[in-house]
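Chain by chain, the residues run as shown.
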Amino acid sequence: MNNPGLDEPISNDAKDVEQQKVDEDAAKEEHEQAFLEPNRYWFASTAFPLIAGTFGPMASTFSICALAVHWRVSIPEGAAEQNGIEIDDPKWLIAINAVQLVIALISNLALLMNMARRLRFAIAQPITIIGWYLSSLTLISLTACAAGPLKIEPSATHAFTQAYYYAIIAAALYFMVATLMVVTVWGAYKGHFPQEFQLTMSQRTLMLQTILYFVYLLCGAVVFSYIEGWKFLDAVYWADFTLLTVGIGDYSPATHLGRSLLFPYAIGGIIILGLVIGSIRSLVLERGKEKMSARMVEKERRRLIKRIEKKNKSSILEPITDDKPSASTASSSPLPGNERERREKEFLLMRRIQQEATTKRRWTSLVISGTTWFLLWFTGAAVFQATEYGQNWTYFGSLYFSYTSLLTIGYGDFYPQSNSGKPFFVFWSLLAVPSLTILISNMGDTIVKMIKDLTLWIGTVTVLPEEHGVRAALKDSAKKVTRGRLFNDLETPPGIVGESNKPGVGEEKDEATEDKNAPESAAQDVQTDRACREKKHAHARARGHQELPKNKHHYHHLLIQEISDVTKHLNANPPREYGYDEWAWYLKLIGEDEDSADTHRKALRNPKIDGEGLGVAMSGGKEDEKVEWSWVGNRSPLMGIKGEAEWVLERLTAKLEEELAVLRREEEEREWAAEVGTHLRERV
């Protein structure tokens, strides 16, 4: 019996599974080759749509504010502009303003449906871009009319309301987000990235969370304006500094009902705001950090190869084959004598590249976020000084107000009162608070870490000496500061080659004794001890030249055991980094031999995106097809934005699947041969 009601759900599930597979393949390809693409492509394909998805709803919110209230007021004698009497706007202005708001909302909906993959890119983007441009140009025309033909003289007794300034801000935002989406569409049209947003689930929900926050803010403003008797736009201003926890204090609920509703309203808004800031933080600090880190590693890699080639030290990058003598036999330079030693030197050079790139990325992120924060601070102070001319604010007073608002202190001794100052504060504060969150997060990896390390060092050399004494601690500190140039027990070869021998560059060190005084949790201590034991075990395997089992079942059991061990490393914090011996063992498991130069090559300084993976495990089951690679090349497993444990787990799993597929084929062949034999015997 056919049930037609099941057809559609089953087909939808099938489409979801297929789409998930496409997403996984696209993400895999992005991880493998992300470092070869310029950062501008990531900004155009991912960051710009998310920025538009955040600022588009903000612009529509300001458009609603611009439509809800008349744009002009008459100022009574002796009164301020915020207490002016509203003047009716022409009906045609209100109608056109309402039409542009509807167009802008349709544009936001089209972008949201495109991000949710309910509307195709080719349909959604023209609607979004044209709609936002129309809304921007319409608001620009309306505000120009209000400031020109509709302006009422004398100017001293007439002024614009907050709604007029909200319209100006909305027009600027619409134009900005529409232009960003034009860049995205142009990049997709040129083929730099697919005509589909490569967004994670949390990134797709960012726009929905932003819409929810602004709807919540406006609804609260409507309710409290009615309860407390405030003007609607003053209630919007109050709701903004309340949900952002600035708490300026010039407006506060005075009724019993208003104070009662504040309890659920404030906590609900803070939760929604936390979701939005968390998504923005995920975009900037996690996704953006991965892309920036991968690109910086690639630039550092190219810079190192160029420096090595310039100093004629490129022999360390050339594989040592059996028929090719080692360069160390013909030169006094302490180069490796066999391929495994050379590969270990390459590996340590790659670790140095990673460390230098990570340091640069952290400080670059701090400089960018710090510059943004200071720009908001100083620029905001200048604007507040100009808008609050009626209060005669000095620039220092504006700096003071901006600073206390940025840090959400909100003393309340300074606050905006003008019709232009309040809308700008709402817009400015919505930018300032998330930027402060990002700045504090970036400081945790740099300045805060330096202060923590300095505190531990002071304790080590004063009241909390280590086991080896104060003198040993001072020597160790000097060695770290000078990168091994002072108090180095081993003589380091000069030049580029010697850099791979410097301490602190990925060598097999005892992590359990590296930072004894660090305030780590018990779980971190256990994790560190386990990692130390695994590294010692890998080093023992490397010294003993452990071979893979000849028996296939034993080999499969070994793969399963290693997969189980690597799975435990996926959620390690900080992310697990394997030593060279561990990498050599895992590569041997998937068919790569570090002792043989068959699949090794000299690293390319300027590679192109080739889509090639690494080793037999990535050759699509063709065992005779192998990919040549280098530890400091573009095909290195240490390149890209994928974690080392995740990379190893994928390759081990692929190898196990390949082996089991071979067993299945052999079993099917045996069964077929048995059936044929039985059939022949029956005929005889």
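Reading the values: rules and limits
- Residues numbered from 1 in each chain as written.
- Predicted model: local features only at pLDDT ≥ 70, side-chain atom pairs only at ≥ 80, totals over all residues.
- Heavy atoms only, no water.
- Helix = DSSP H or I, 4+ residues; strand = E, 2+ residues; numbered from the N terminus.
- Buried < 20%, exposed > 50% of the residue type's maximum accessible area, 1.4 Å probe, protein only.
- Areas by Shrake-Rupley, 256 points an atom, 1.4 Å probe, with all protein chains shown as cover.
- Axes fitted to C-alpha atoms, helices over the stretch in contact; angles between N-to-C directions.
- Contact = heavy atoms within 4.5 Å.
- Salt bridge = Lys/Arg side-chain N within 4 Å of Asp/Glu carboxyl O.
- Parallel < 35°, antiparallel > 145°, perpendicular 65-115°, else oblique.
- Left-handed = near helix turned anticlockwise from the far one by under 90°.
- Nonpolar A, V, L, I, M, F, W, Y, C, P; charged D, E, K, R; others polar.
- Patch = residues over 30% accessible without salt bridge, like charges linked within 9 Å, V, L, I, M, F, W, Y side chains within 5 Å.
- Pairing = 2+ DSSP bridges.
- Core = buried A, V, L, I, M, F, W, Y, C linked by side-chain atoms within 4.5 Å.
- Expected span 1.5 Å × (residues − 1).
- pLDDT = per-residue confidence, 0-100.
- Phe/Tyr/Trp six-rings, centres within 6.5 Å; stacked < 30°, edge-to-face > 60°.
- Lys NZ or Arg CZ within 6 Å of the ring centre and 35° of its normal.
- Lys, Arg positive; Asp, Glu negative; His and termini not counted.
- Charge placed at Lys NZ, Arg CZ, Asp CG, Glu CD.

Engineer: Before we go on, may I ask you to explain the overall build of the chain in this structure?
Structural biologist: A count of helical and extended segments in the chain gives 18 helices and three strands. Residues classed as buried in the chain amount to 45% of the 684 residues present. When the accessible surface of the chain is split by element, carbon and sulfur atoms take 60% of a total near 35,500 Å².

Engineer: I tried to follow the packing of helix H11 (residues 421–445) against helix H12 (residues 447–461) on my own but got confused; where do I start?
Structural biologist: Helix-helix packing: each pair is described by the crossing angle between the helix axes and the interaxial distance. Between H11 and H12, the least distance of the axes is 3 Å, while the angle of their chain directions is 40°. Of H12, the residues touching H11 (which contributes Met443, Gly444 and Asp445) are Ile447, Val448 and Lys449.

Engineer: Teacher, can you tell me more about the pattern of salt bridges here?
Structural biologist: Any two side chains of opposite charge can pair if their charged atoms end up close together. Within this structure, the stated rule accounts for 21 salt bridges. The shortest N-O distance in the salt bridge between Arg302 and Glu298 comes to 2.5 Å. Highlighted residues: Arg302 and Glu298, both in helix H8 (residues 256–310), separated by four residues, approximately one helical turn. Between Arg342 and Glu346 there is a salt bridge; the shortest N-O distance is 2.9 Å. With Arg342 and Glu346 both in helix H9 (residues 339–387) and four residues apart, the pair spans about one turn of that helix. Summarising the burial analysis for this pair, Arg342 and Glu346 share the class buried. It is possible to trace a salt-bridge network through shared partners that takes in Glu339, Arg342, Arg343, Glu346 and Glu594.

Engineer: Before we go on, may I ask you to explain the packing of helix H4 (residues 121–147) against helix H5 (residues 162–189) in this structure?
Structural biologist: Look at H4 against H5: their axes get within 8 Å of each other, and the N-to-C directions meet at 150°. As far as their axial angle goes, H5 and H4 are roughly antiparallel. Between H4 and H5 the crossing geometry is left-handed. Within the contact of H4 with H5, the residues separate by chemical class into 21 nonpolar, six polar and no charged.

Engineer: Just to check I follow, could you spell out a nonpolar patch on the surface for this structure?
Structural biologist: On the surface, Val102, Ile106, Ile123 and Ile127 cluster together into a nonpolar patch covering about 320 Å² of accessible area. Among the elements of the structure, helix H3 (91–115) and H4 are those that each provide at least two residues to the nonpolar patch. With respect to the helices and strands, the residue Val102 is situated in helix H3.

Engineer: Mind showing me how you'd approach the sheet that holds strand S1 (residues 72–74) here?
Structural biologist: In sheet architecture, strand pairing relies on hydrogen bonds along the backbone and comes in two forms, parallel and antiparallel. Across the sheet, which stays open at both edges, the three strands sit in the order S2-S1-S3 with antiparallel pairing between neighbours. A strand with exactly one partner marks an edge of an open sheet, and here the two such strands are strand S2 (85–87) and strand S3 (158–160). Between one strand axis and the next, the sheet turns by 40° as a mean value, whatever way the strands run. Where S1 lies against S3, three bridges are found, and the strand directions are antiparallel. Pairing of Val73 across the sheet is with Ala159, part of S3.

Engineer: How should the nonpolar core be read in this particular structure?
Structural biologist: Inside soluble globular proteins, nonpolar side chains tend to come together where they are buried. If you look at the biggest cluster of nonpolar residues, it comprises 83 residues, and the most contacted ones within it are Phe62, Trp71, Tyr213, Val236 and Phe425. Excluding residues that lie within four positions of it along the chain, Val236 makes contacts with Cys65, Tyr166, Leu217, Leu218 and Ala221. Among the nonpolar cores identified, the runner-up in size contains 38 residues, and Val297, Leu304, Phe347 and Trp585 belong to it.

Engineer: Help me out: how do you make sense of helix H7 (residues 232–243) in this one?
Structural biologist: At 3.6 residues per turn, the α-helix brings residues three or four places apart onto the same side. Along its 12 residues, H7 runs 16 Å from first to last C-alpha, staying within 8% of the 16 Å computed at 1.5 Å per residue. Burial analysis of H7 places 12 of its 12 residues in the buried class, which makes it a mostly covered element. Backbone geometry just after H7 places Thr245 at a positive phi near 60°.

Engineer: Honestly, the confidence of the model for the chain in this entry has me stumped. Any pointers?
Structural biologist: One rule of thumb: low pLDDT means the predicted coordinates there are not for detailed reading. Considering every residue of the chain, the mean pLDDT works out to 79; 75% of them sit at 70 or more. Counting contacts from residues 490–497, a segment whose pLDDT is below 50, to residues more than four positions away or on other chains yields 13 contacts. Note that pLDDT drops below 50 for residues 503–521; the model gives that stretch 37 contacts with residues more than four away or on any other chain.

Engineer: Can you walk me through the packing of aromatic side chains in this structure?
Structural biologist: For any pair of aromatic rings, the description consists of the separation of the ring centres together with the inter-plane angle of the planes. Taken as a whole and judged by the stated rule, the model has 41 aromatic pairs. Their ring planes at 70° and their centres at 5.2 Å tell us that Phe384 and Phe424 sit as a pair that is edge-to-face. Placement of the pair is Phe384 in helix H9 and Phe424 in helix H11, with a sequence separation of 40 residues. Each member of the pair, Phe384 as well as Phe424, is classed as buried. Residue placement shows Arg343 over the ring face of Trp629; its charged tip is 4.2 Å from the ring centre.

Engineer: Help me understand unusual backbone geometry in this model?
Structural biologist: Most peptide bonds are trans, and most residues other than glycine sit at a negative phi. Across the junction of Glu153 and Pro154, the peptide omega takes the value 0°, indicating a cis bond. With respect to the element layout, Pro154 can be found in the loop between H4 and S3. Here the residue pair Asn573 and Pro574 is connected by a cis peptide bond, since its omega of 5° sits within 30 degrees of zero. Along the chain, Pro574 falls in the loop between helix H16 (552–567) and helix H17 (580–589).

Engineer: What's the story with H17 in this structure? I'm lost.
Structural biologist: Taking burial as the measure, the 10 residues of H17 include 10 buried ones, the bulk of the element. Listed as buried for H17 are Tyr580, Asp581, Glu582, Trp583, Ala584, Trp585, Tyr586, Leu587, Lys588 and Leu589. Positive backbone phi, at 105°, marks Gly591, one or two positions downstream of H17.

Engineer: Can you walk me through the environment of Leu67 in this structure?
Structural biologist: Note on placement: Leu67 falls in helix H2 (residues 39–68). Apart from residues lying up to four places away in sequence, Leu67 is in contact with Ile94, Asn97, Ala98 and Leu101.

Engineer: Explanation requested: a negative patch on the surface in the structure shown.
Structural biologist: Residues Glu547, Asp593, Asp598 and Glu628 make up a contiguous surface patch of negative charge. Along the chain, Asp593 falls in the loop between H17 and helix H18 (644–683).

Engineer: When you look at the environment of Ile127 in this model, what are you seeing that I'm missing?
Structural biologist: Residue position: Ile127 is located in helix H4. Here Ile127 falls in the partly exposed class, since its relative accessible area comes to 36%. Placed 17 residues apart in sequence, Ile127 and Ala110 show a C-alpha to C-alpha distance of 6.7 Å. Apart from the residues within four sequence positions on either side, Ile127 is in contact with Ile106, Ser107 and Ala110.

Engineer: Sorry, what's going on with the side chain of Gln354 here?
Structural biologist: Residue placement: Gln354 occurs in helix H9. A relative accessible area of 15% places Gln354 in the buried class. Among all residues touching Gln354, those that are not within four sequence positions of it are Val297, Leu638 and Glu644.

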